[in-house]
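Structural description and commentary
Each chain, written out:
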Amino acid sequence: MTMLRGVVVLIGVLVGLLSWQVTQAITSLSDGAPGLDDPYFPTLGNGGYDVLHYTLDIAWEEASNVIDGLATLDAQATQDLARFNLDLGGFEVLAARIDGQDVSFSRAGRELTLEARRALLRGQRFQAQIAYRGVPQQGVESLIDLPFGNGWERHAQGVYVASQPQGASLWFPSNDHPLDKATYTFHVTVPKPYVVAANGVLIATEDLGTHTRATWEVRQPMASYLATVNIGRFALVEGRADSVLLRDYYPARLVHELEPVFASTPQMIAFFSNIFGPYPFETYGVVVAEARLAFALETQTLSLFGANIRNYHDAEEVVAHELAHQWFGNSVSPSNWREIWLNEGFATYASALWYEHAYGQERFQAFMDDLYRVIAEPSFVASAPLIGDPGAADMFHIAVYYRGAWTLHALRQRVGDDAFFRILRRYYAAHANGHATTDGFIALAEAESGHELGDFFRAWLYEKPVPGR
Ligand code: ARG
Ligand code: ZN
């Protein structure tokens, strides 16, 4: 190639690059991103807007498990938007509207793209509406393989909803990432004699003849994975723990067996409120699905259990665990799914603290010893993930729970009780109704204790060998 031709080619390449960049800039400036760059689930959530409130109007057909949904999202643009995405897997989308006007939309996998008729401007409030219909999960793949539930789950006696971490978009169009919390209203129509139990406060139950329509409201911000609607032949048992209204929904025929399992809830709320800070929400309670479940879930203000909880010898540990998540996980949410130990390590250690409080030092020590034996076993050490970055497939590995709890216990031993409980209280107060990160927690622990803790946390969270106790 001659010198001249080389220069011409070079100029041509530069011009091409420049015009490509300009084109990119024009399209990307007004396109909401299809994901929020979660390290484990990059397609979850969407950029360009913030959902303030979801109104989910859902009618359930018992025989087919079809849900007929109308989702209304009150949102605010965080950039200029010609189009933006919602996460929705499965269903037929019947209509999409922005501010009451029909708009065109397209679908690709779990991404639903709405085309604004006129660009939404940064800061502008708008309302998006999606009418959809179908059998949840039909023709959709889970983003993770767990024996845990993928959103709306039909079982022989009704429905439960367990969505952590990616099932919300399998039953309603959402900005499906914990970074975008919002308040919620649910209107759920079910045939008689079914009862609906959802998050928050029951506002109304309308008699529609053959059906009933229940309205539930969540007035504090909630992550999409914690939204739940349960349908069953439930009996309601109400109570109170100081200012917190308690409402438990048990399968009617199992009330007498299940009530004792949850009998300590008021004392647990009092204890955790004392050591962490006030209970975060207006209501608490549990819903028990008339099904055998391999998990429990801390669905906000209404933790979910399977009926087999009544046969657990360690039910109290799980009951305390899901309650503790209301502070750690629900009010203080992870900024992304890599931070899962901030949920599971804290909730597991909270059960240990409950044992210490309710049954004394020996029981507490025995519990922590059991966990240590598991995590220190050589073959476990060799195969367990690093809990500070367990990977999507191992985000609920038992190491995240047990070693996470031990990380906190070792911190307590390192800095002493006074500093340790001050750290927990400050951490909760600083991030209540918001989000946290591991780095932020470490910085706070160092500031409150005056200790340099970089090596300490590196060893517990990011290296394989288990530190001594
Ligand atoms: N966060 C739950 C717990 O530790 C376990 C995960 C459940 N996930 C789900 N999709 N059900 O209690
Ligand atoms: Zn948990």
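Computed from a predicted model, the values in this text were never measured in an experiment.

Points about the coordination of the zinc ion (ligand 2)
Protein-derived coordination of the zinc ion (ligand 2) comes from H321 (NE2), H325 (NE2) and E344 (OE), at a distance range of 1.9 to 2.0 Å. Taken together, the four donor atoms coordinating the zinc ion (ligand 2) and their angles of 97 to 143° define a geometry best described as irregular. The sequence pattern describing where the donors of the zinc ion (ligand 2) fall on their chain is H-x3-H-x18-E. One end of the pair, H321, is in helix α4 (residues 315–324); the other, E344, is in helix α5 (residues 341–359), with 23 residues separating them in the sequence. Exposure remark for H321: the relative accessible area of 9% places this residue in the buried category. E344 sits in the buried class, given a relative accessible area of 1%.

Examining helix α6 (residues 361–376)
In this model, α6 (16 residues) spans 22 Å end to end at C-alpha, consistent with the 22 Å of a helix rising 1.5 Å per residue. Of the residues making up α6, those classed as buried are F364, F367, M368, L371, Y372 and I375. Take α6 and look down its axis: the buried residues cluster within an arc of 135°, on one side only. Residues of α6 that are exposed and point over 90 degrees away from its buried face: E362 and R373. Looking at the packing, one finds that the buried side of α6 touches α4, α5, α7 (378–383), α8 (398–415) and α11 (454–462).

Considering the packing of helix α9 (residues 417–431) against helix α10 (residues 438–449)
Remark: α9 packs on α10, axes separated minimally by 9 Å, with the N-to-C direction vectors making an angle of 135°. It follows that α9 is oblique to α10 by the angle criterion. Seen from above, α9 lies across α10 with right-handed handedness. Counted together, A419, R422, I423, R426 and Y427 of α9 and F441, L444, A445, E448 and S449 of α10 form the full contact between these two elements.

Regarding the site of ligand 1
Around ligand 1 sit 14 residues, and of these F148, Q164, E322, E344 and Y401 come closest. Within the backbone of G149, one N or O atom sits 3.4 Å away from a nitrogen atom of ligand 1. Residue A296 places a main-chain N or O atom 3.1 Å away from an oxygen atom belonging to ligand 1. Here ligand 1 loses 97% of its free accessible area of 350 Å² to cover by the protein chains.

Some details on α9
Over its 15 residues, α9 extends 21 Å from the first C-alpha to the last, a length consistent with the 21 Å expected when each residue adds 1.5 Å. Within the span of α9, buried status applies to A419, F420, F421, I423, L424, Y427, Y428 and H431. Buried residues in α9 make contact with α3 (265–276), β21 (332–334), α5, α8, β22 (434–436) and α10.

Section: the pairing of strand β14 (residues 211–222)
By the bridge criterion, nine bridges tie strand β11 (residues 182–191) to β14 in an arrangement that is antiparallel. Looking at the pairing, H187 lines up with T215 of β14. Of the strand pairs in this sheet, strand β13 (residues 201–207) and β14 are connected by six bridges, and their pairing is antiparallel. Each bridged residue has a counterpart across the sheet, and for T205 the counterpart in β14 is A214. Where β13 folds back onto β14 in an antiparallel hairpin, the turn is made up of three residues, including G209, whose phi is positive at roughly 90°.

A closer look at the nonpolar core
Grouped together as the largest cluster of nonpolar side chains are 156 residues, with contacts concentrated most on F186 and F272. For F186, the contacting residues outside a window of four places in its chain are L56, W171, A198, N199, A214, T215, W216, V218, M222, A227, T228 and V229.

Focus on the pattern of salt bridges
Under the criterion given, the structure shown has 19 salt bridges. Notably, a salt bridge pairs R310 with E257, separated by 2.7 Å at the nearest N-O pair. Remark: E257 occurs in helix α2 (residues 255–258) and R310 occurs in the loop between β20 (303–306) and α4; sequence separation between them is 53 residues. Residue classification places E257 among the partly exposed residues on the basis of a relative accessible area of 44%. Linking R373 and D370 is a salt bridge whose minimum nitrogen-to-oxygen distance equals 2.6 Å. Pair noted here: R373 and D370 are both in helix α6, with a separation of three residues, about one helical turn. Given a relative accessible area of 52%, R373 falls into the exposed group. Judged by its relative accessible area of 41%, D370 falls in the partly exposed class. Residues joined in a network through salt bridges with shared partners are D31, R83 and E115.

With respect to the side chain of R110
Note on placement: R110 falls in the loop between β6 (105–108) and β7 (111–120). The side chain of R110 sits in the buried core without any salt bridge; D176 is the nearest counter-charge, 4.9 Å away. Apart from the residues lying within four places of it in its own chain, the contact partners of R110 are L44, L86, D87, L88, G89, V140, E141, S142, L143, Q166, S169 and L170.

Comments concerning the sheet that holds β7
Across the sheet, which stays open at both edges, the three strands sit in the order β3-β7-β6 with antiparallel pairing between neighbours. Among the strands making up the open sheet, the edge pair consists of β3 (81–87) and β6. Strand-to-strand twist of the sheet, defined as the mean angle between neighbouring strand axes without regard to direction, takes the value 25°. Direction of pairing for β6 relative to β7: antiparallel, over a ladder of four bridges. Bridging from a neighbouring strand, F105 pairs with L114 of β7.

Reading the values: the criteria
Residues numbered from 1 in each chain as written. Chains lettered and ligands numbered in written order. Predicted model: local features only at pLDDT ≥ 70, side-chain atom pairs only at ≥ 80, totals over all residues. Heavy atoms only, no water. Donors = N, O, S within 2.8 Å, 3.2 Å for Na, K, Ca; no water. Tetrahedral: all angles 85-135°; square planar, octahedral: opposite > 155°, others 65-115°. Helix = DSSP H or I, 4+ residues; strand = E, 2+ residues; numbered from the N terminus. Buried < 20%, exposed > 50% of the residue type's maximum accessible area, 1.4 Å probe, protein only. Expected span 1.5 Å × (residues − 1). Arc of directions from axis to C-beta. Contact = heavy atoms within 4.5 Å. Axes fitted to C-alpha atoms, helices over the stretch in contact; angles between N-to-C directions. Parallel < 35°, antiparallel > 145°, perpendicular 65-115°, else oblique. Left-handed = near helix turned anticlockwise from the far one by under 90°. Near = heavy atom within 4 Å. Polar contact = N/O pair within 3.5 Å; in protein donor to acceptor, adjacent residues only side chain to side chain. Areas by Shrake-Rupley, 256 points an atom, 1.4 Å probe, with all protein chains shown as cover. Pairing = 2+ DSSP bridges. Core = buried A, V, L, I, M, F, W, Y, C linked by side-chain atoms within 4.5 Å. Salt bridge = Lys/Arg side-chain N within 4 Å of Asp/Glu carboxyl O. Lys, Arg positive; Asp, Glu negative; His and termini not counted.

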